[in-house]
Amino acid sequence: GHQIVPWGDKEAMAMMQRQLDVDVLITGHTHKFAVDVHEGSLFVNPGSATGAYSGMQSDVVPSFLLLDVQEGKLTIYVYELIPSESDPEQFELKVQELKHSK
């Protein structure tokens, strides 16, 4: 995260991806979950497991990822803790499954 300036910038991440020669770049520091495809490469930001404060936004959603790599295929399991619409004191666990293959 600290090597990519400005944080979360796709062009800066693309430059880092080319320097490292990787298909999937995992970065962070924005505390916001994101998965982007850019110029054929995958950029993944797991967010913040604790929902830590972010200077970039005030409504940080706690999130983390599990990555499953099998025979050139990547499955990303995204876990987010979303405030309940009916009761702001309660939270709901949202789980997504994202698939990517080169």
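Model, not experiment: these values are computed from the prediction.

J.: Hey, could you run me through the sheet that holds strand β4 (residues 63-70) in this one?
T.: Strand pairing within a sheet occurs via backbone hydrogen bonds; the two strands may be parallel or antiparallel. The strand order β4-β5-β6 describes an open sheet built from three strands, whose pairing is antiparallel. Two strands lie at the open edges of the sheet, namely β4 and β6 (91-101), each paired on one side alone. Between one strand axis and the next, the sheet turns through 15° on average, direction left out of account.

J.: Is there a simple way to think about the nonpolar core in this case?
T.: Soluble globular proteins: nonpolar side chains tend toward being buried together. In terms of nonpolar packing, the biggest core is built from seven residues, these being Phe33, Leu42, Val44, Leu65, Leu74, Ile76 and Val78. Of all the secondary structure elements, the ones that give two or more residues to this core are β3 (41-45) and β5 (73-83). At three residues, the largest contribution of residues to this core is made by β5. In this structure, Val78 is in contact with Phe33, Phe64, Leu65, Lys94, Val95, Gln96 and Leu98, ignoring residues within four places of it in sequence. One finds Met13, Ala14, Met16 and Phe43 within the second-largest nonpolar core, a separate group that totals five residues.

J.: Would you take a moment to explain the sheet that holds β3 for this structure?
T.: Pairing within the open sheet is mixed, and its three strands lie in the order β1-β3-β2. The open sheet has two edge strands, β1 (24-26) and β2 (34-38), and neither has a second partner. Ignoring strand direction, the axes of neighbouring strands in this sheet form an average angle of 15°. One ladder, built from five bridges, connects β2 with β3; its direction is antiparallel. From the neighbouring strand, Asp36 faces β3, where its bridge partner is Phe43. Sitting on the sheet, helix α1 (residues 10-20) is in contact with β1, β2 and β3, with an inclination near 115° to β3.

Conventions adopted
- Residues numbered from 1 in each chain as written.
- Predicted model: local features only at pLDDT ≥ 70, side-chain atom pairs only at ≥ 80, totals over all residues.
- Heavy atoms only, no water.
- Pairing = 2+ DSSP bridges.
- Helix = DSSP H or I, 4+ residues; strand = E, 2+ residues; numbered from the N terminus.
- Axes fitted to C-alpha atoms, helices over the stretch in contact; angles between N-to-C directions.
- Core = buried A, V, L, I, M, F, W, Y, C linked by side-chain atoms within 4.5 Å.
- Buried < 20%, exposed > 50% of the residue type's maximum accessible area, 1.4 Å probe, protein only.
- Contact = heavy atoms within 4.5 Å.

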